[in-house]
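Commentary on secondary and tertiary structure
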Amino acid sequence: MTRSLIAGLGLLTLAAIPHFAMAQDGTDDLIKKGAYIARAADCMACHTNPSGKDYGGGYVISSPLGDIIASNISPSKTYGIGNWSEGQFAKAVREGVAPEGNLYPAMPYTAYSGISDADIHALYVYFMKGTKPVDEAPVKKTNLPFPFSQRWLMAGWNVLYASGKPMPAATTQEGGAKRGEYLVNVLAHCSTCHTPRNIAMSEDQSRFLGGADLGGWHAPNITSDPVSGIGGWSDEDIKSYLRDGSAHGKSQAAGGMAEAVEHSLRHLTDSDLTSIVEYLRTVKPVRDPNQKAPGFSFSTPKLADLAKLDAPIDRSPDAMTLGTSTNGAELYTGACASCHQLNGQGTHDQFYPSLTSNTIVGGPTSQNLVMAILKGVDRATNNGTVAMPAFEGQLNNEQVAAVANYVLSRFGNDALHVSASDVELLKRGGPKPFIARYAHSMSVAGIAAAGLFVLIIIFLLARRKVATR
């Protein structure tokens with residue numbers, strides 16, 4: 001009997017070996033799936049400091065309310081999320097409530113609320129078992145001015161604006177516009193940047209994906225409108241832009257969009273990129289009443305005195321840094337023409353893009369042109385790195401305005417005009433929203449301001465209940 005028992009145990013052990021192997025295979029599959037979801041959700045871009053380790057936090061997110069420091073989401077048990085349960089992880093990702101308290105919506109949990117249960121599980125397994133802990137040092141804490149420093153106020157904001165529900169796993173499978181909806185609205189959280197905000201800093205759904213200002217940049221209209229949006233782009237134009245950050249004859253990605261391309265979108269499968277295109281075709285068009293033609297429709301450069309531009313000019317560093325020239329044509333010739341050419345047509349392969357047929361120059365706002373001059377362009381693509389130097393340290397505000405106005409008048413929307421004060425405003429992140437403009441007054445008012453904020457929330461909740469009866 002003893003031998004039979006031993007033999008039986010041996011058989012059980014042997015039987016358990018392939019089961020254990022399958023379990024490991026299953027974990028590996030979950031890690032792989034979770035890694036892809038993390039890419040689609042662009043977790044790397046915000047939670048990795050450019051000079052730090054993956055998911056170690058410390059990246060500074062400039063918001064209208066102040067700088068928000070992204071946290072360490074590596075599996076470190078000391079500084080990261082290594083001690084979190086899956087339930088705590090899901091609550092932080094989908095509801096904006098971490099074990100230590102409320103998160104700010106710079107973490108796009110209003111979009112992530114739609115992540116399916118299956119994908120949350122895969123994401124959790126990936127972060128706990130597929131990434132390395134970053135244990136070097138604690139990340140600096142976010143310290144917003146009063147009353148925004150009072151994180152408990154986010155509980156009321158969440159009741160009003162963060163009531164999303166997970167999408168069923170059956171609707172998130174590969175292929176089709178429904179998959180595209182999941183990618184655009186949930187994982188890639190496109191509306192976080194491309195939808196304008198209301199007075200309470202929530203997304204204005206009446207202008208969903210209609211374009212918004214963010215940190216000096218303008219996230220353009222990506223609705224199906226053929227004039228103000230991307231309705232006039234071909235499917236391949238959109239896919240090329242998402243994959244490489246460039247759609248020849250349409251636009252190039254810079255700023256936050258370049259980061260999204262580098263860290264997220266270029267890693268998506270061709271099937272998922274196609275699904276995104278299919279969904280964007282269904283988005284309700286939003287038209288800017290002041291825009292009469294697509295931004296890429298300015299296809300012919302206006303005549304210029306090329307002989308004058310070919311004449312010798314002052315190319316010394318002092319001509320740039322000391323403000324000795326505020327002639328837009330001269331500055332363009334010295335700083336831009338070597339790549340974009342005197343006629344603005346760029347190179348034959350469009351590695352250096354044309355400035356005509358380009359929404360950054362022909363669109364309804366000059367913001368992205370100015371910001372590209374100031375900050376440059378830097379994005380990694382599947383075909384290599386694209387870079388344009390930043391001129392913020394070489395050109396003063398008057399010079400940036402002069403070269404921008406020259407480019408607009410010669411290659412794009414000459415109805416736009418940039419002033420030195422416009423440049424300075426964009427350097428500071430653009431106009432402050434209402435709630436941020438009065439932050440100082442709120443801090444002086446102290447508790448009274450916080451109380452007023454709570455009363456506003458109560459009023460909005462009451463009005464919401466009445467409206468739903």
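Structural notes, computed from the coordinates.

Rules used in this analysis
- Residues numbered from 1 in each chain as written.
- Predicted model: local features only at pLDDT ≥ 70, side-chain atom pairs only at ≥ 80, totals over all residues.
- Heavy atoms only, no water.
- Disulfide = S-S within 2.5 Å.
- Buried < 20%, exposed > 50% of the residue type's maximum accessible area, 1.4 Å probe, protein only.
- Axes fitted to C-alpha atoms, helices over the stretch in contact; angles between N-to-C directions.
- Helix = DSSP H or I, 4+ residues; strand = E, 2+ residues; numbered from the N terminus.
- Parallel < 35°, antiparallel > 145°, perpendicular 65-115°, else oblique.
- Contact = heavy atoms within 4.5 Å.
- Nonpolar A, V, L, I, M, F, W, Y, C, P; charged D, E, K, R; others polar.
- 1 Å grid on protein atoms, 1.4 Å probe; cavity = no way out; pocket = protein on both sides within 12 Å on 5 of 7 lines; lining within 4 Å.
- Points joined across faces, edges and corners; volume = space filled by probe spheres on them.

Some details on the state of the cysteines
What we call a disulfide is simply a covalent bond connecting the sulfur atoms of a pair of cysteines. Counting across every chain of the model gives zero disulfides. This cysteine, C43, is not joined by any disulfide, and C46 carries the nearest cysteine sulfur, 8.8 Å off. Counting only cysteine sulfurs, C339 is the nearest neighbor of C336, a cysteine outside any disulfide, at a range of 8.6 Å. Taking the relative accessible area as the measure of exposure, C336 reaches 16% and is therefore buried.

Comments concerning the packing of helix α14 (residues 328–335) against helix α18 (residues 397–411)
For the pair α14 and α18, the least separation of the axes is 8 Å and the interaxial angle reads 90°. One way to sum up the angle between α14 and α18 is to call them roughly perpendicular. On the side of α14, the interface is formed by G328, A329, L331 and Y332, while α18 contributes Q399, A402, V403, Y406, V407 and F411. Partitioning the contact of α14 with α18 into residue classes produces eight nonpolar, two polar and no charged.

Re the layout of surface pockets
Considered as a void within the structure, the second largest pocket measures approximately 730 Å³ in volume. Elements with a contribution of two residues or more to the lining of the second largest pocket: α9 (235–244), α14, α15 (337–340), α16 (359–362), α17 (367–375), β9 (377–381), β10 (384–388) and α18. Looking at the lining of the second largest pocket, the element that brings in the most residues is β10, giving five residues. Tallied by class, residues from the lining of the second largest pocket come to 24 nonpolar, 12 polar and three charged.

Considerations on the environment of G57
Tracing the backbone shows G57 in the loop between α2 (43–47) and β1 (60–63). Separated by 10 residues in sequence, G57 and H47 have C-alpha atoms that sit 4.5 Å apart. Non-local contacts of G57, meaning those with residues more than four positions away in its chain, are made with H47, N49, A70, S71, N72 and V139.

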